[in-house]
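# Coordinates in review
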Amino acid sequence: LTEDLYCIGCGAKIQTDDPTERGYTPAAALRKGLESGQLYCQRCFRLRHYNQMEKVSVTDDEFLAMLNTISMEDALIVNVIDLFDVYGSMIPGLHRFAGNNKVLVVGNKVDVLPKSVKLSRVKQWLTEQVQAVGLRPVDVVLVSGKKATSIDDLLETIEEERDGKDVYVVGVTNVGKSTVMNQIIRAATGNKEDVITTSQFPGTTLDQIRIPLDDGHFLIDTPGIIHHHQMAHVLSPKELKLVAPQHEIKPITYQLNPEQTLFLGGASRFDFISGERSSFTCYFSNDLKIHRTKLEKADEFYAKHLGGLLQPPSAEDAENFPPLVRREFNVKVPSDIVFSGLGWITVRKPGKVAAWVPQGVDAVMRKPII
Ligand code: GDP
């Protein structure tokens, strides 16, 4: 492109190189857009014509700039969180950017939690989790974007809490924000055409999709940022599909003696170092194979079977897979040991355990979700 062109839908700078980045427009569409004088990026085009929302991500700096603009607005902020990866969903400092604005927390992917789980408890638990990072949500709504569960509740709550103001929907990538937005659009507009309007800030890089509400205000979808410690960065998209649960998780409980190890595929490892024999419940994708070994044999076992018996990573990717880094936890009360983006193990009795995660990915201890 010789001159800078901007999407008249979202204001993103048009580019024809990278479909995953904002402002992407296929070259053919660009020509047509220029001819007709209606140049939309692919994301806005699809939203206009198919009511289909696609994800976009921005850099950390752009994300901060975007949060900054939101902090100056008088609006309701809706923060979408992945229930399966709450830790990886948190936006650092969101409470500061929210300022005096109300924050509504949406726990998405409720369909992956075992059906036996009491949702009122999960709601209470999620409230505590976000309070721990400084958020004071006006409400917490549990939904499934995929199954369209409780989308009407969410819309009703948004309507109640927004006090006739605009609504900004924020979230890091992969929490399912686009999926939830698509359900909202479907429910709120009944598939009317032309749901987006021209950005209020043409030519800026705010890259927001504005969906008109009944009273002249807007529901605004914002781009996400990639959390760098997500499992998404060490696994290929295909492997990620395997570890990201697509269906209700069937927890598996192991009775472990001290000095036993569980391998979570080849992606992570859990050592029960010391304590009384007890049960450990694993919450991972049903497609992730768990292997039990003796702790003293574990290093050797991993070296021998990574990419083979222990997948993901696949055989091709095993060579470049980051080394597992060990974090020790002294469990005093029942706790979840979380392998960020992969799942968690509930430890019920006091003892010493270690979580091994690929370098760059986090492991944390938290109050049990279930
Ligand atoms: P975004 O980056 O936050 O916009 O996330 P996407 O909407 O692209 O979703 C990320 C991944 O999570 C995709 O693989 C979706 O299929 C999946 N996903 C989104 N919503 C749900 C949900 O409610 N349940 C389940 N199980 N998966 C979901």
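For clarity, every value in this text was computed on a predicted model and none was experimentally measured. (Residues numbered from 1 in each chain as written. Predicted model: local features only at pLDDT ≥ 70, side-chain atom pairs only at ≥ 80, totals over all residues. Heavy atoms only, no water.)

Turning our eyes to something else, we now look at a negative patch on the surface. Residues Asp152, Asp153, Glu156 and Glu160 make up a contiguous surface patch of negative charge. You can see Asp153 is positioned in helix α7 (residues 151–161). Taking relative accessible area as the criterion, Asp153 reaches 43% and is therefore assigned partly exposed. (Patch = residues over 30% accessible without salt bridge, like charges linked within 9 Å, V, L, I, M, F, W, Y side chains within 5 Å. Areas by Shrake-Rupley, 256 points an atom, 1.4 Å probe, with all protein chains shown as cover. Salt bridge = Lys/Arg side-chain N within 4 Å of Asp/Glu carboxyl O. Lys, Arg positive; Asp, Glu negative; His and termini not counted. Charge placed at Lys NZ, Arg CZ, Asp CG, Glu CD. Helix = DSSP H or I, 4+ residues; strand = E, 2+ residues; numbered from the N terminus. Buried < 20%, exposed > 50% of the residue type's maximum accessible area, 1.4 Å probe, protein only.)

One can read the domain layout of the protein as domain 1 (57–225) and domain 2 (233–366). One C-alpha centre belongs to domain 1, the other to domain 2, and the line joining them spans 31 Å. Listed by partner, the interface residues are 12 residues for domain 1 and 16 residues for domain 2. Summed over both partners, the interface of domain 1 with domain 2 comes to about 1,300 Å²; 60% of that surface belongs to carbon and sulfur atoms. (Domains from an automatic or database assignment. Contact = heavy atoms within 4.5 Å. Buried area = accessible area lost by both parts, 1.4 Å probe.)

With that out of the way, let us pick up the pattern of salt bridges. Tallying each qualifying case throughout the model produces 18 salt bridges. In this structure, Glu276 and Lys349 form a salt bridge, with 3.4 Å as the shortest nitrogen-oxygen distance. In this pair, Glu276 sits in the loop between β11 (268–275) and β12 (278–284) while Lys349 sits in the loop between β16 (343–347) and β17 (351–358), placing the two residues 73 residues apart along the sequence. Its relative accessible area of 54% is what places Glu276 among the exposed residues.

What follows deals with the nonpolar core. In terms of nonpolar packing, the biggest core is built from 73 residues, with Leu67, Val78, Val105, Leu126, Leu154 and Val170 touching the most fellow members. Examining the composition of this core, we find that 6 residues originate from one element, strand β2 (residues 75–82), more than from any other. Both of domain 1 (57–225) and domain 2 (233–366) provide at least three residues apiece to this core. Val78 has contacts with Leu104, Val106, Ile158, Val167, Tyr168, Val169 and Val170, leaving out every residue within four places of it along the chain. Counting 38 residues, the second-largest nonpolar core is a separate cluster that includes Phe280, Leu288, Tyr302 and Phe329. (Core = buried A, V, L, I, M, F, W, Y, C linked by side-chain atoms within 4.5 Å.)

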